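Chain and residue survey
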Amino acid sequence: MDVLIPMMAAAIRSGTPVLYAVLGEILAERSGVMNLGLEGVMLVGAFAGFSVTQSAGDPYLGLAAAFCAGALLTSVHAFLCITFGGNQVVSGLALSMLGGGMSAMMGRGHIGETINGLMPFKFPILGDIPLIGPVFFSHDAMVYASYLLTAFLCFFIFRTRPGMNLRAVGENPRAADAMGISVSRVRYTFTLIGGGLSGAAGGYLSVVYTQMWVEGMTAGRGWIAIALVIFGIWRPLRAMFGCYLFGGVYALQMRMQAAGTSIPAPMLLMLPYLMTLAVLTFISVRKGRGMLPGAPASLGNPFRREERE
Amino acid sequence: MRTGHSPPLVSMSGVDKIFFGMYANKGVDFDLESGEVHALLGENGAGKTTLMNILAGIYSPDAGTIYAGGREVSFRSPRDAISAGIGMVHQHFMLAPVLTVWENMILGQDGVPFVLDRRRTVSQIKELSERYALSVDPEARVTSLSIGEQQRVEILKMLYRGTKVLILDEPTSVLTPQEARDFFAAVRMMTAAGHGIVLISHKIDEILSAAGRMTVLRRGERVGTIAARDADKETLAEMMVGRALRHFPKRRAEAPGPPVLSCRGINLKGGGDSKPLSDVTFELREKEILGVAGVAGNSQGELCEVLAGIRRADSGEMILRERSVAGLGAREFIELGISYIPIDRKGVGLVPNMNLCENVALKRYWRKPAAYGKVLIDWEYIAALTGELVGSYGVQTLSLESPVRLLSGGNLQKLMLARELSGSPSVILAMHPVWGLDVGAAEFVHERLTEERDRGAGVLLVSEDLDELLDMSDRIMVMSRGRIMGVIERPDAVSKEWIGLMMAGVPAEKAV
């Protein structure tokens, strides 16, 4: 127990930045827009969060800046893919490199600088429950907010009018359009919110998780997030589970490094990514047997009303 | 029907629509009264659907005016059209498949609360579906519904939104004869309730019995509008085609030969995009056309793919000329003389961005005489062959080097037919071979298939058009949900109703 509880708490802490990015990507992909640029968006968010927290001294302001920076960078992708019907894969990859480069350039003089970020606090009442308290309610405000956000998105996507519009646009934009829903408005809205959440995910890394700026500090989490969206079959709750699984393996390898195993560190660093690959393989096998629903049907396809089929 | 007092529900005048410099509609006038069925007739590509897409707010016209309820309107989106009381049921349904029926109904509607009210919506839908005898389960997911049910959802969706004008695009093409009868009963209820209905169709018979007036389009222009009482089949057909129809005489096979392809107990698990086949057993004989009747999406495509060697059956025997071929790949099937004309010409049949020669080479590039050895292709031979095929099938193309995506639908089909029928195949699998073709091209395809049959090939002809099958086939096999419901030995001796029941899933013995 003494080992397990801190491990599980660490799993949640390291799963949370990925969770924000995953929730954002679920919204974007549900509308039919795939954003492969998450890695870049997260990096830009991470730097924006770091630098605003450093200069303004307020971590919440930093996180808000991370959200805005993520949405701003994603607007390039949205404009290319929605307004111009460009190729989402190409645009997403470009975004990933653009974000990586931009954040590296702006952060050149700041590498290794630390900030006073967001601190954890025990959540009143719930934090005193044995087992559950230390695992789930001994974190910072962003972790608590992510619980609420996940629950809200489950409700929002499946039970509300805008959620239904979102699903319809991602499944059959032609039908949604024929029913008077503005496909591009829905796509813009959720792609930008998705980008914002990815930016906030990056912000969590710099403002909360490490409280410093390191170039390329996302270390592939943006790509993992894209895989976890598939693992979560575009459902927030399942995706949350996937994020904590990833976080758990990440926390485990940290522990093992600290404990000084004979396994070389790079091998251990590969663990979370290997797990993601294994999980994806498992998912595709099950999907091939028709046991799981697939991606939103129009994912990746631009929509133009007057295009003849 | 014409009251003379109230203005028509809608009227369009002088409507033009231009696609890529070509007129899809040119100066078309059209109007619809309350309580009438106004049919829109024409061949494929005549501009019927385009005209109605304009009325439904999907396309915007390049010229012309539209009046709804006596006022000039200009729709910027389908939503505008729906709020003006005009709704369209498309040939390809506009439903979101993973959503439930009730969710699809309220999709995009004004006044839907932020948190959806399932109970109230479901009860409203039930009431509406009882009133118009359009039965459907409001809580079902659209993916789980049959095509006929999905069509009812589409119609209900428009009624739910209070549209007075319903545009139905080729509504009966996906229905069995019985379902079509129920459908027309619902249409009569709607017109009795004061709705106006536009029926887009190319089936003259059903139009003559259902519509009050009919407007014929040809090459985007209006040929004329006539009342049902002044219309007859020949006149309408001539108006559609622009010339008197030449009926090519039906020729039955003299005497079919021995079985060329026999299948026993073929099973295929469904799942994903594919539908199942269960216990499919039949024989295709030399010198016969075996028609395959069935409503779209009853595993006809899967059957053809199994027979072409593209898809592997999970169990069952396939014997081609006394040789077991189950488990062989598509290339072996080609070598054994099985030709496949798929429905998806640009996807499975031809490679759109490759030129005519390359597409012709696809079926033979790996062996003599099209190849020198294992690696080098004899392009001169291929070009000569392609030139010959293009000449004898009359494919209209700029050159043999142009990509086939530039060919029109009819020319694409001719090229595919030329490729598949060259080299005297012993089995021809033809799926909807005249789909989307004009009457002249369709006749040509039918004649070529008949010639191949007379030469000695066994032809499997899959079609949703029962009349085409009755015209062409020596025997008809009926499929429903991946099963063979029965084989009709003498198609001219049975009623369409009987075949319809079998298409709906009633076994031959019981469908009397």
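Before any of the text, the structure's been laid out above.
My aim in this report is to walk through the structure given alongside it, one point at a time. (Residues numbered from 1 in each chain as written. Chains lettered and ligands numbered in written order. Predicted model: local features only at pLDDT ≥ 70, side-chain atom pairs only at ≥ 80, totals over all residues. Heavy atoms only, no water.)

1. Quick notes on the overall build of chain A
Helix and strand counts for chain A come out as twelve helices and zero strands. Put simply, chain A runs from its N terminus to its C terminus through helices and strands in the order α-α-α-α-α-α-α-α-α-α-α-α. The C-alpha atoms of chain A give 19 Å as radius of gyration, which agrees with the globular expectation for 309 residues (19 Å, within 12%). Structurally, chain A occupies a C-alpha span of about 60 × 45 × 40 Å along its principal axes. (Helix = DSSP H or I, 4+ residues; strand = E, 2+ residues; numbered from the N terminus. Rg over C-alpha atoms; globule rule 2.2 N^0.38 Å.)

2. Section: the overall build of chain B
The number of helices and strands found in chain B is 17 helices and 20 strands. The C-alpha radius of gyration of chain B comes to 25 Å, within 12% of the 24 Å expected for a compact globule of 512 residues. Based on the C-alpha atoms only, the size of chain B along its principal axes is roughly 75 × 50 × 50 Å. Here chain B holds 512 residues, and the buried ones make up 54% of them. (Buried < 20%, exposed > 50% of the residue type's maximum accessible area, 1.4 Å probe, protein only.)

3. A word on unusual backbone geometry
Residue and element names in this part refer to chain B. The linkage connecting Lys-368 with the following residue, Pro-369, adopts the cis geometry, with an omega of 0°. Looking at where Pro-369 falls in the secondary structure, it is placed in the loop between helix H12 (356–361) and helix H13 (379–393). Here Asp-279, not a glycine, exhibits a phi torsion of approximately 50°, which is positive. By the secondary structure assignment, Asp-279 is in strand E12 (residues 277–285). A relative accessible area of 48% places Asp-279 in the partly exposed class. Of note in the backbone geometry, Glu-322 takes a positive phi value of approximately 65° without being a glycine. Examined against the element boundaries, Glu-322 turns out to sit in the loop between strand E14 (315–320) and strand E15 (323–324).

4. Quick word on helix H17 (residues 496–503) of chain B
All names here are of chain B. Considered for burial, the residues of H17 that qualify are Ile-499, Gly-500, Met-502 and Met-503. Buried residues of H17, viewed axially, fall in a sector of 160°; they line one side. Where H17 is buried, its residues contact helix H6 (177–192), strand E13 (288–293), helix H16 (466–472), strand E19 (475–480) and strand E20 (483–488). Just downstream of H17, Gly-505 is the residue with a positive phi angle, here 110°. (Arc of directions from axis to C-beta. Contact = heavy atoms within 4.5 Å.)

5. Regarding the sheet that holds strand E1 (residues 10–19) of chain B
Residues and elements named next belong to chain B. Judged by pairing direction, the sheet is antiparallel, and its four strands sit side by side in the order E2-E1-E4-E5 without closing on themselves. Looking along the sheet, the strands with just one partner apiece sit at the ends: strand E2 (22–32) and strand E5 (71–73). Neighbour-to-neighbour, the strand axes of this sheet turn through a mean angle of 30°, independent of strand direction. Taken together, the seven bridges between E1 and E2 define a ladder with antiparallel strand orientation. Residue pairing across strands places Ser-11 opposite Asp-31, the latter belonging to E2. (Pairing = 2+ DSSP bridges. Axes fitted to C-alpha atoms, helices over the stretch in contact; angles between N-to-C directions.)

6. A closer look at the packing of helix H1 (residues 4–30) of chain A against helix H11 (residues 236–259) of chain A
All names here are of chain A. Close contact between H1 and H11 brings their axes to 6 Å; oriented N to C, the two are set at 135°. The angle between H1 and H11 places the two elements in the oblique class. The element H1 and its partner H11 pack so that their crossing is right-handed. When grouped by side-chain class, the residues that make up the contact of H1 with H11 number 19 nonpolar, five polar and one charged. (Parallel < 35°, antiparallel > 145°, perpendicular 65-115°, else oblique. Left-handed = near helix turned anticlockwise from the far one by under 90°. Nonpolar A, V, L, I, M, F, W, Y, C, P; charged D, E, K, R; others polar.)

7. Section: the packing of aromatic side chains
Counted by the stated rule, this structure contains 22 aromatic pairs over all chains. Ring centres of Phe-231 of chain A and Phe-241 of chain A lie 6.3 Å apart, and the angle between their planes is 25°; on these two criteria the pair is classed as stacked. With a gap of ten residues between them, Phe-231 of chain A in helix H10 (residues 221–231) and Phe-241 of chain A in helix H11 connect regions that are remote in the sequence. Under the relative-accessibility criterion, Phe-231 of chain A is labelled buried at 9%. A cation over a ring is seen here: Arg-221 of chain A above Tyr-250 of chain A, with NZ or CZ 4.9 Å from the ring centre. When the ring centre of Trp-366 of chain B is taken as origin, the NZ or CZ atom of Arg-331 of chain B, which lies over that ring, is 3.9 Å away. (Phe/Tyr/Trp six-rings, centres within 6.5 Å; stacked < 30°, edge-to-face > 60°. Lys NZ or Arg CZ within 6 Å of the ring centre and 35° of its normal.)

8. Some words on the sheet that holds E13 of chain B
Residue and element names in this part refer to chain B. The six strands lie next to each other as E16-E17-E18-E13-E19-E20, forming an open sheet whose pairing is mixed. Among the strands making up the open sheet, the edge pair consists of strand E16 (338–341) and E20. For this sheet, the mean inter-axis angle between neighbouring strands, taken without regard to orientation, is 20°. Sheet topology note: the E16/strand E17 (residues 427–431) ladder contains four bridges and is parallel. Paired with Tyr-340 across the strands is Leu-429, a residue of E17. Strands E13, E16, E17, strand E18 (458–462) and E19 of the sheet are contacted by helix H9 (residues 300–307), whose axis makes an angle of about 155° with E17. Against the sheet, H17 makes contact with E13, E19 and E20, and its axis sits at roughly 35° relative to E19, the strand it touches most.

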